[in-house]
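# Residue-level structure breakdown
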Amino acid sequence: MAMHIKDNLPFNIELLYSPYSNDGRRFIPVFWETEQEIDKNELIEIREMVPLYINFYTTETTELSQLIIETSRFNEDGEINNIVISSNTLEPVPLFVREFQNTENSDFPWRMGYYMLNVQYNGKLYYSGIQVTPNNLSLQQVRWIHQALEEITSGICYELILSQKGYSDDNLTDTPDKWYYDYIRWILSEKQNLLACIEYIRLHWHEEISTQYIVSNRGGKQDTRTEKWSQSYSGISYNKGIQPVEYELIKKKKLEKNNPQNQWIKNILTRWKAMLFTIHELVENDIELVEKEIRKNEEQKNLVIQRLEGINKKNDVPEGFKNDQKTVLHSINNQITKLKKWRSTLFNWNQAVLLLNGLFAYVLHSQIFRRIDTNNRKPFLKNRYYFLFNELFEQGNQIKRTDGDIRQYKSILKPTWQIYEYFCLFQVLNGLRKIGFLPLYGLPDDISDLQKQGIKQGTKYIFSHEVGEIHIYYGTLLPFSPEDATSTDRFYSQSSHRWPDLRLDFYKRTSTGGVEYSLHSMVFDAKLSKFKYLYRADIPNKAFTQLNSYTAIQHLDSLRSVVDRVCCLFAGGEDDKEIRKVHSVTFIRLCPIQDQAMDQGLVLGYSALVNFIREWLIQDIGLNDINF
């Protein structure tokens, strides 16, 4: 039976939105004697991403009391990082505070869902929980967004966590508990990052300036060491006492590739290649076992078929026996189908491992790498691609290499703000389709990988039309100065906000059939907020300052900003208008319509979004003669 707070519990737990105000103060109302008795309908709701504090105090003085709250944070070993709070603290304990940057509190401790909460008091346990709900969107709206995204690509709303516990329905492949299966799935989820690192290492070697001293009769730079050498026995004997001297020790600078960073990368490549070859051999062995099992089932199938053919020729065989044999045949066929599917999966995994192993071997046997030594001591890695490559290697090593390891990659829900970003991205892509632009790059080839790795920052899509192309960049960080802009991506911004969610660049079609950038761009930013938090007429807030700063994006070929329009796609509240313009920023409320029309796939703001893109093409770029 549930124990309510009126039952004189020896402790109180209250949640606060501010440590200095009673606004939003809420008590945990009910506890249960066992975890199984918890009724989720009686749990209080916590809004996602809202600043939160907690008070835990007991009515009696005791040292044997603590509060343990389950979170969605995991450590490197796949164990939950629970929040543990002692009773009778002097001030409310912060659970999540937005102002804390670069700390563990900057990561909201819960995703959408239910989480356990228990109190240990004088050797007795009391159980309760909290329900985390999305901010500014209803549960129905978020579930609709989940369904819409999952129809595009299964698993996009989830991320993989190496853990003993999953916080959602685990739809991943049901595989045996073998460490190298986990390793393959992990390495496939990081395939794009890994290939990017390898390509950079192959083309852009890290070079360090080294100082060398050589004896020369042509002169050169000198320092105190060269002066000492001329007076030393070596210098005097080299010149055989001749004055003035003919040979001098000179100082030279040289770009050296055989440096500790490249040596460490060679060490990683060598070890990783050996690891991949080991995995290849293990998977090859598993494929042989599966094929053996398939042959065994095929033999049994043939025996059953022969038996059925003999039975059908006889008239005195009971119908029940015939049906039994048909059931056996059906079961064997199902088992063969399952085994063949698993064999296909193992074969594809094996091919992926072999290709990656071959790529590592190719890099290791390149002409430059042959002249580089192997270093077993990890240096300080300055280059970000070297750092990421090492980080990926170390992440892979965390996966246990023991058969029967109960840890598997489990899927947990991504934060709602990130899912809303994905939702806005695909609404923009759908809008481009609606006005006649067709996907040329990025879709659909890359979409199958989204369930493994999500949409990575810097992902690029290209949509094509007879008049030109629109290049879409998701979450691309722009360089600060013109000098840092690359030859391929010539954009930069000297604003403090240089990371828009979406940037659309228009490339006009040339007479030769190619495309060239037309100095016309547009920016979209997704905000899971109400309008009142995005703009204030009296005081410019951080959100509007960020949005307005995107107009500072420039291109190396232009002396002015190339951003024609900035649009904020926001979830909004019931009282917010669908579209409004404030100075240089247009706000469009984009969310599923909360009524029966949700079943029809209607999205509030979608028509306004399509018209916004259409107006950009016609009014700003000047494509007046095209019927979009």
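Reading the values: rules and limits
- Residues numbered from 1 in each chain as written.
- Predicted model: local features only at pLDDT ≥ 70, side-chain atom pairs only at ≥ 80, totals over all residues.
- Heavy atoms only, no water.
- Helix = DSSP H or I, 4+ residues; strand = E, 2+ residues; numbered from the N terminus.
- Buried < 20%, exposed > 50% of the residue type's maximum accessible area, 1.4 Å probe, protein only.
- Contact = heavy atoms within 4.5 Å.
- Areas by Shrake-Rupley, 256 points an atom, 1.4 Å probe, with all protein chains shown as cover.
- Pairing = 2+ DSSP bridges.
- Axes fitted to C-alpha atoms, helices over the stretch in contact; angles between N-to-C directions.
- Parallel < 35°, antiparallel > 145°, perpendicular 65-115°, else oblique.
- Left-handed = near helix turned anticlockwise from the far one by under 90°.
- Nonpolar A, V, L, I, M, F, W, Y, C, P; charged D, E, K, R; others polar.
- pLDDT = per-residue confidence, 0-100.

Let's shift gears to the overall build of the chain. A tally of regular secondary structure across the chain gives 13 helices and 27 strands. Residues classed as buried in the chain amount to 46% of the 628 residues present. Partitioning the contacts of the chain with sequence separation of at least 6, the portion at a separation of at least 24 is 70%. In the form shown here, the chain has an accessible surface area of approximately 34,000 Å², with 48% of it arising from carbon and sulfur atoms.

Spatially, the eight strands line up as an open sheet ordered β16-β17-β18-β20-β21-β23-β25-β24, and their pairing is mixed. Here the strands that pair on one side only, and so sit at the sheet edges, are β16 (438-441) and β24 (579-582). In this sheet, neighbouring strand axes are inclined to one another by 25° on average, regardless of whether the strands run parallel or antiparallel. With seven bridges connecting them, strand β17 (residues 459-465) and strand β18 (residues 468-474) associate as antiparallel partners. If you follow K460 over to β18, its bridge partner there is Y473. With respect to the sheet, helix α10 (residues 416-434) is in contact with β16, β17, β18, β20 (502-509), β21 (515-527) and β23 (563-570), its orientation differing from that of β18 by roughly 175°. On top of the sheet, helix α13 (residues 606-620) reaches β18, β20, β21, β23, β24 and β25 (585-589); it is set at about 180° to β23, its chief contact.

To continue, consider the packing of helix α2 (residues 179-189) against helix α6 (residues 260-312). Relative to each other, α2 and α6 sit at 120°, their axes nearing to 10 Å. Considering their axes alone, α2 and α6 lie oblique with respect to each other. As α2 runs across α6, the sense of the crossing is left-handed. Only W272, M275, L276, I279, L282, V283 and D286 of α6 make contact with α2, whose side of the interface consists of W179, Y180, Y181, Y183, I184, W186 and I187. Looking at the contact of α2 with α6 residue by residue, the classes come out as 13 nonpolar, no polar and one charged.

Glancing now at the packing of α6 against helix α9 (residues 384-397). One way to put it is that α6 packs onto α9 with a least axis distance of 11 Å and a crossing angle of 35°. The handedness of the crossing between α6 and α9 comes out as left-handed. In this structure, α6 contributes Q261, N262, W264, I265, I268, L269, R271, W272 and M275 to the contact, and α9 contributes Y386, F389, N390, L392, F393 and N397. Within the contact of α6 with α9, the residues separate by chemical class into 10 nonpolar, four polar and one charged.

To continue, consider the confidence of the model for the chain. Across the chain, pLDDT averages 78, with 76% of residues at or above 70. Note on residues 162-176: pLDDT is under 50 here. Beyond four places in sequence and across chains, it has 48 contacts. Contacts for the low-pLDDT stretch residues 401-409, under 50 throughout, to residues beyond four places or in other chains number 38 contacts.

Spatial ordering of the open sheet is given by β5-β11-β10-β7-β8, a layout of five strands whose pairing is mixed. Looking along the sheet, the strands with just one partner apiece sit at the ends: β5 (44-47) and β8 (83-86). Here the strands of the sheet are splayed against their neighbours by 25° on average, with no regard to which way each runs. Two strands pair when backbone bridges link them, and strand β7 (residues 65-69) and β8 are joined in this way by four bridges, in the antiparallel orientation. Looking at β8, one finds that I69 is bridged to I83.

Attention shifts here to the pairing of β5. Only one face of β5 is buried, namely the one carrying I44 and I46, since none of E45 and R47 on the opposite face is buried. With four bridges joining them, β5 and strand β11 (residues 124-133) adopt parallel strand pairing. Paired with I44 across the two strands is I130, which belongs to β11.

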